[in-house]
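# Reading the structure
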Amino acid sequence: MIRGSLPALVTPFKNGELDLVALKKLVDWHIAEGSHGIVPVGTTGESPTLSHAEHQRVIEDVVAAAAGRVPVIAGAGSNNTVEGISLMRHAEKVGATAALVVTPYYNKPTQAGLVAHYTALHDCCQLPIIIYNIPGRSVVDMMPDTMGTLAKLPRIIGVKDATGKIERVSQQRATCGKEFIQLSGEDATALGFNAHGGTGCISVTANVAPRLCSEFQEATLAGDYAKALEYQDRLMPLHEAIFIEPGLVGAKYGLSLLGLCSEEVRLPLVGLTDPTKARIRDAMRHAGLIN
């Protein structure tokens, strides 16, 4: 079952190259800290600036490091359907549990185009697909009725919803069915998302606070929203601070404070400004992650 806290894993670099030693350590750490799954090479994993060979290597190494202990949902999205098919087939070949497929960015397809795109990816292999709907970045919003159409396909199993519209969970329960997996793609509203019927979060903050995010998710899934709210109060400053600048840059800085990977990112992203670093340090102290 794909549920709970699933870190949208950063891709660690060292001197411009993949840091595969740090990558394996991150996977082991996340599993030890209670993460319910790992999501490599999504946009938080800097997929736009990885070569195809690097993209494939990261997925291979994460699957190997996880060794079946938790689900691995491999980033396989593209605005090029043919490229997406290639990424899907590779993820299936190396043993990923499912694929995370973002709505095609820049092209601005119609709803019919979205159906055709996802149907082609669905039909290319046997790997289950989680739709990633993030209109703020892809400039196209998959509407609940369209998602309901795709949910009829046997291997379209869920959505990572980063619309920020909490009501979408209820709307998608109506169009896609109650068994359709709904995962939040926005840390700050994950509490309300689960209250509406969601069952987890593909989380940027979980890169830095995996145990807290895991325990937060467990509380919501057990229906203990009083306990979940206590976790929310601890985590909210970190949710906000990490996203002052691009979230993956904030996550890598937080991980660097924990000694788990470098701050290094690839252009056009750059390192954080000093005021943002200070906000992240303060938020990590508030959450009890550093002294």
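No experiment lies behind these values; they were computed from the predicted model shown.

## What about the overall build of the chain?
- Of the regular secondary structure elements, the chain holds 12 helices and nine strands.
- In terms of C-alpha radius of gyration, the chain reaches 18 Å, essentially the compact-globule figure of 19 Å for 291 residues.
- Taken along the three principal axes of its C-alpha coordinates, the chain extends 50 × 45 × 35 Å.
- Long-range contacts, defined here as pairs at least 24 residues apart, represent 72% of the contacts in the chain between residues at least 6 apart.
- Summed over its atoms, the accessible surface of the chain is roughly 11800 Å², and 54% of this surface lies on carbon and sulfur atoms.

## Observations regarding the pairing of strand β5 (residues 98–102)
- Of all the five residues making up β5, five are buried; the element is thus mostly covered by neighbouring parts of the structure.
- By the alternation rule, side chains of β5 split into Ala98, Leu100 and Val102 and Ala99 and Val101, which are all buried.
- Here strand β4 (residues 73–75) pairs with β5 via three bridges, running parallel. What sits directly across from Ala74, in β5, is Ala99.
- Read as a crossover between parallel neighbours, the route from β4 over helix α3 (residues 81–94) to β5 is right-handed.
- As paired strands, β5 and strand β6 (residues 129–133) are joined by four bridges and run parallel to one another. In the sheet register, Val102 faces β6, and the bridge partner there is Tyr132.
- Viewed along the sheet, the connection from β5 through helix α4 (residues 111–124) into β6 turns out right-handed.

## A look at the environment of Gly254
- Within the secondary structure layout, Gly254 lies in helix α11 (residues 247–257).
- For the pair Gly254 and Ala209, spaced 45 residues apart in sequence, the C-alpha to C-alpha distance is 9.1 Å.
- Non-local contacts of Gly254, meaning those with residues more than four positions away in its chain, are made with Val208, Ile280 and Met284.

## Digging into unusual backbone geometry
- The omega angle of the peptide bond from Leu267 to Pro268 is 15°, so this bond is cis rather than trans.
- Along the chain, the position of Pro268 falls in the loop between α11 and α12 (274–287).
- Look at Val41: it is not a glycine, yet its phi comes out positive at around 60°.
- With a phi close to 75°, Tyr106 is a non-glycine residue in the positive phi region.
- Looking at where Tyr106 falls in the secondary structure, it is placed in the loop between β5 and α4.

## Quick notes on the packing of helix α2 (residues 52–66) against α3
- Viewed as axis vectors pointing N to C, α2 and α3 meet at an angle of 25°, and their least axial separation amounts to 10 Å. Comparing the axis directions of α2 and α3 gives the class roughly parallel. At the point where α2 passes α3, the crossing takes the right-handed sense. Along the contact surface, α2 presents His52, His55, Gln56, Ile59, Glu60 and Val63, while α3 presents Glu83, Leu87, His90 and Val94.
- Looking at the contact of α2 with α3 residue by residue, the class counts come to four nonpolar, four polar and two charged.

## Concerning the pairing of strand β9 (residues 200–203)
- Burial along β9 is two-sided: Gly200 and Ile202 facing one way and Cys201 and Ser203 facing the other are all buried.
- Looking at chain direction, strand β1 (residues 4–7) and β9 are connected through four bridges and run parallel. Bridge assignment links Leu6 to a residue of β9, and that residue is Ile202.

## What about the environment of Phe243?
- Tracing the backbone through its elements, the reader meets Phe243 in the loop between α10 (225–242) and α11.
- Overall, Phe243 belongs to the partly exposed group, its relative accessible area being 43%.
- For the pair Phe243 and Thr205, spaced 38 residues apart in sequence, the C-alpha to C-alpha distance is 9.3 Å.
- The residues touching Phe243, leaving out its near neighbours within four places in the chain, are Asp187 and Val204.

## Digging into the packing of aromatic side chains
- Scanning the entire structure with this criterion turns up zero aromatic pairs.
- The ring of Tyr132 has Lys160 sitting right over it, with the charged end atom 4.0 Å from the ring centre.

## Looking at α12
- Between its first and last C-alpha atoms α12 spans 20 Å; for 14 residues at 1.5 Å apiece the expected length is 20 Å, and the two agree.
- Of the positions making up α12, those classed as buried are Thr276, Lys277, Ile280, Ala283, Met284 and Ala287. Angular distribution of buried residues about the axis of α12 spans 125°; they occupy a single face of the element. Set apart from the buried face of α12 by more than 90 degrees, the exposed residues are Asp274 and Pro275.
- Gly288 sits one or two positions beyond α12 and adopts a positive phi of about 85°.

Criteria and cut-off values
Residues numbered from 1 in each chain as written. Predicted model: local features only at pLDDT ≥ 70, side-chain atom pairs only at ≥ 80, totals over all residues. Heavy atoms only, no water. Helix = DSSP H or I, 4+ residues; strand = E, 2+ residues; numbered from the N terminus. Rg over C-alpha atoms; globule rule 2.2 N^0.38 Å. Contact = heavy atoms within 4.5 Å. Areas by Shrake-Rupley, 256 points an atom, 1.4 Å probe, with all protein chains shown as cover. Buried < 20%, exposed > 50% of the residue type's maximum accessible area, 1.4 Å probe, protein only. Pairing = 2+ DSSP bridges. Right-handed = clockwise from strand over helix to strand, strands pointing away. Axes fitted to C-alpha atoms, helices over the stretch in contact; angles between N-to-C directions. Parallel < 35°, antiparallel > 145°, perpendicular 65-115°, else oblique. Left-handed = near helix turned anticlockwise from the far one by under 90°. Nonpolar A, V, L, I, M, F, W, Y, C, P; charged D, E, K, R; others polar. Phe/Tyr/Trp six-rings, centres within 6.5 Å; stacked < 30°, edge-to-face > 60°. Lys NZ or Arg CZ within 6 Å of the ring centre and 35° of its normal. Expected span 1.5 Å × (residues − 1). Arc of directions from axis to C-beta.

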